[in-house]
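# Geometric and topological summary
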Amino acid sequence: MGNTVSEPQAGSAAAKAKRYTGLGLIIALIAQLLDQGVKLWVENNMKLGESFEVIPGFFDIHYILNPGAAFSMGENFTVVFTILQATVAVVVTYLLFRRVKIRSWAIVLGCLLGGVLGNLGDRLFREPAFGFGHVVDMFSVTNFAIFNVADSFIVCSMIVVAYMLIRGINLDGTIGDKSKDGESAGDGDDPQKPAA
């Protein structure tokens, strides 16, 4: 009797999880396309090193190639950033497919994945070599790093991730520390088991 009730519920939950996975991947694709589109526009319409003011004294469009991280740190470790970004992309993709069961996490992880893939594409396919490519940056704010669309997605999504973790919002939509609330799963389910 219990199974006849739980099976439709399980099917509904699985369908929702798939929809959220799809949502996250669509957002990631949009973020990546937006990032690469802006980079292509800059490359085709500006010379390397060229700059023009958008908001005088505050915001410029400034075309540079960055082999390092933010503020051009780690310029001699480009391949390390490539490996780190590839690792993050794999982990986030896994979470989207296997763990995320609510819309908010699908959206924020989709944004993070899109940003990471945007810059990873530069590392892999731009000069000077595969895995050592320089990232195209263009947004220059006074007394701040020069960054791109992908960086914006990464930073904003990580701020939201930190907020959601502080609030205790888990990937499956439950609230709080599961390790301390093992009985909240109900029906004898182990809350520590990954979602199927």
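The structure presented is a predicted model; accordingly, all values stated were derived computationally and were not measured. (Residues numbered from 1 in each chain as written. Predicted model: local features only at pLDDT ≥ 70, side-chain atom pairs only at ≥ 80, totals over all residues. Heavy atoms only, no water.)

### Considering the pattern of salt bridges
In plain terms, the rule: Any Lys or Arg side-chain nitrogen found within 4 Å of a carboxyl oxygen on Asp or Glu counts as a salt bridge. By definition, any uninterrupted DSSP run of H or I lasting at least four residues is a helix, any uninterrupted run of E lasting at least two residues is a strand, and each is numbered from the N terminus. The rule is simple: take the accessible area with a 1.4 Å probe, protein chains only, and divide by the maximum for that residue type; under 20% is buried, over 50% is exposed, in between is partly exposed.
Using the criterion set out here, one finds four salt bridges in the structure. Of the charged contacts in the structure, one is a salt bridge between Lys39 and Asp35, with a shortest N-O distance of 2.8 Å. Here Lys39 and its partner Asp35 are both found in helix H1 (residues 2-45), four residues apart, which amounts to about one turn of the helix. Grouping residues by exposure puts Lys39 and Asp35 together as buried. The shortest N-O distance in the salt bridge between Asp122 and Arg126 comes to 2.9 Å. Judged by relative accessible area, which is 16%, Arg126 ranks as buried. Connected via shared salt-bridge partners are Asp35, Lys39, Glu43, Asp122 and Arg126.

### Some thoughts on the sheet that holds strand S3 (residues 135-141)
Keep this limit in mind: Paired strands, as defined in this entry, are two strands with at least two bridges between them according to DSSP.
In spatial order, the strands read S1-S2-S3-S4; together these four strands make up an open sheet with antiparallel pairing. The sheet is open, and its two edges are formed by strand S1 (51-55) and strand S4 (146-147), each paired on a single side.

### A closer look at the packing of aromatic side chains
The criterion, for reference: A pair of Phe, Tyr and Trp rings is counted when the ring centres sit within 6.5 Å of each other, with Trp represented by its six-membered ring. The angle between the planes then sorts it: under 30 degrees is stacked, over 60 is edge-to-face, the rest tilted.
If you walk through the whole model with that rule in mind, you get four aromatic pairs. Between Phe125 and Phe130, the ring centres sit 6.1 Å apart and the planes meet at 65 degrees, which makes this aromatic pair edge-to-face. Taking the relative accessible area as the measure of exposure, Phe125 reaches 67% and is therefore exposed. Look at Phe144 and Phe147: their rings are 6.0 Å apart centre to centre, the planes differ by 80 degrees, and that puts the pair in the edge-to-face class. On the accessibility criterion, Phe147 (18% relative accessible area) is buried. Taken together through their ring pairs, the aromatic side chains of Phe59, Phe139, Phe144 and Phe147 make up a single cluster.

### Quick notes on the side chain of Ser157
Keep this limit in mind: Under this definition, polar contacts are N or O atom pairs within 3.5 Å; protein pairs additionally need one hydrogen-donor-capable and one acceptor-capable atom, and for neighbouring residues in sequence, both atoms have to be side-chain atoms. Contact criterion: two residues are considered in contact whenever any of their non-hydrogen atoms come within 4.5 Å of each other.
Considering the arrangement of structural elements, one finds Ser157 in helix H4 (residues 149-167). At a separation of 2.9 Å, a polar atom in the side chain of Ser157 contacts the main-chain carbonyl oxygen of Ile154. With residues up to four places along the chain from it excluded, the contact list for Ser157 reads Val108, Cys111 and Leu112.

### Here we look at the packing of helix H3 (residues 103-125) against H4
Note the threshold: As a rule, the C-alpha atoms of each element are fitted with a line to give its axis, helices using only the stretch in contact, and angles between N-to-C directions run from 0 to 180 degrees. Less than a right angle of anticlockwise turn of the near helix away from the far helix marks a crossing as left-handed, whereas a clockwise turn marks it as right-handed. By the convention adopted, Pro, Cys, Tyr, Trp, Phe, Met, Ile, Leu, Val and Ala count as nonpolar, Lys, Arg, Asp and Glu as charged, and the other residues, Gly among them, as polar.
Viewed as axis vectors pointing N to C, H3 and H4 meet at an angle of 145 degrees, and their least axial separation amounts to 8 Å. When you trace H3 past H4, the crossing you get is left-handed. From H3, Ser104, Trp105, Val108, Cys111, Leu112, Gly115, Val116, Gly118 and Asn119 reach across to H4, where they touch Ala150, Asp151, Phe153, Ile154, Ser157, Met158, Val160, Val161, Met164 and Leu165. Looking at the contact of H3 with H4, its residues break down into 13 nonpolar, five polar and one charged.

### What to know about H4
An α-helical segment advances 3.6 residues per turn. Residues three or four places apart therefore align on the same side. Selection criterion: To estimate how far a helix should reach, multiply one less than its number of residues by 1.5 Å. It is the directions from the helix axis to the C-beta atoms whose arc is reported.
A rise of 1.5 Å per residue sets the reference length of H4, with its 19 residues, at 27 Å; its end C-alpha atoms lie 27 Å apart and thus fit the reference within 8%. For H4, the full list of buried residues reads Val149, Ala150, Ser157, Val161 and Met164. Buried residues along H4 cover an arc of 95 degrees about the axis, so they all sit on one side. Facing away from the buried surface of H4 by more than 90 degrees, the exposed residues are Ile159 and Ile166. If you check the start of H4, you find a side-chain oxygen 3.0 Å away from the backbone N of Ala150, and it comes from Asn148. Of the residues trailing H4, Gly168 is marked for its positive phi of about 80 degrees.

### What about the nonpolar core?
A general tendency of soluble globular proteins is for nonpolar side chains to be buried together. To keep it simple, the criterion reads: In these notes, a set of buried Ala, Val, Leu, Ile, Met, Phe, Trp, Tyr and Cys residues joined through side-chain atoms within 4.5 Å is what counts as a nonpolar core.
By size, the foremost hydrophobic cluster in this structure holds 19 residues, and its most contacted members are Val100, Trp105 and Leu109. Broken down by secondary-structure element, the contributors of at least two residues to this core are H1, helix H2 (78-98), H3 and H4. When residues in this core are grouped by element, the largest group, seven residues, is from H3. When sequence neighbours within four positions are dropped, the list of residues in contact with Trp105 reads Val100, Val161, Met164, Leu165, Ile169, Asn170 and Leu171.

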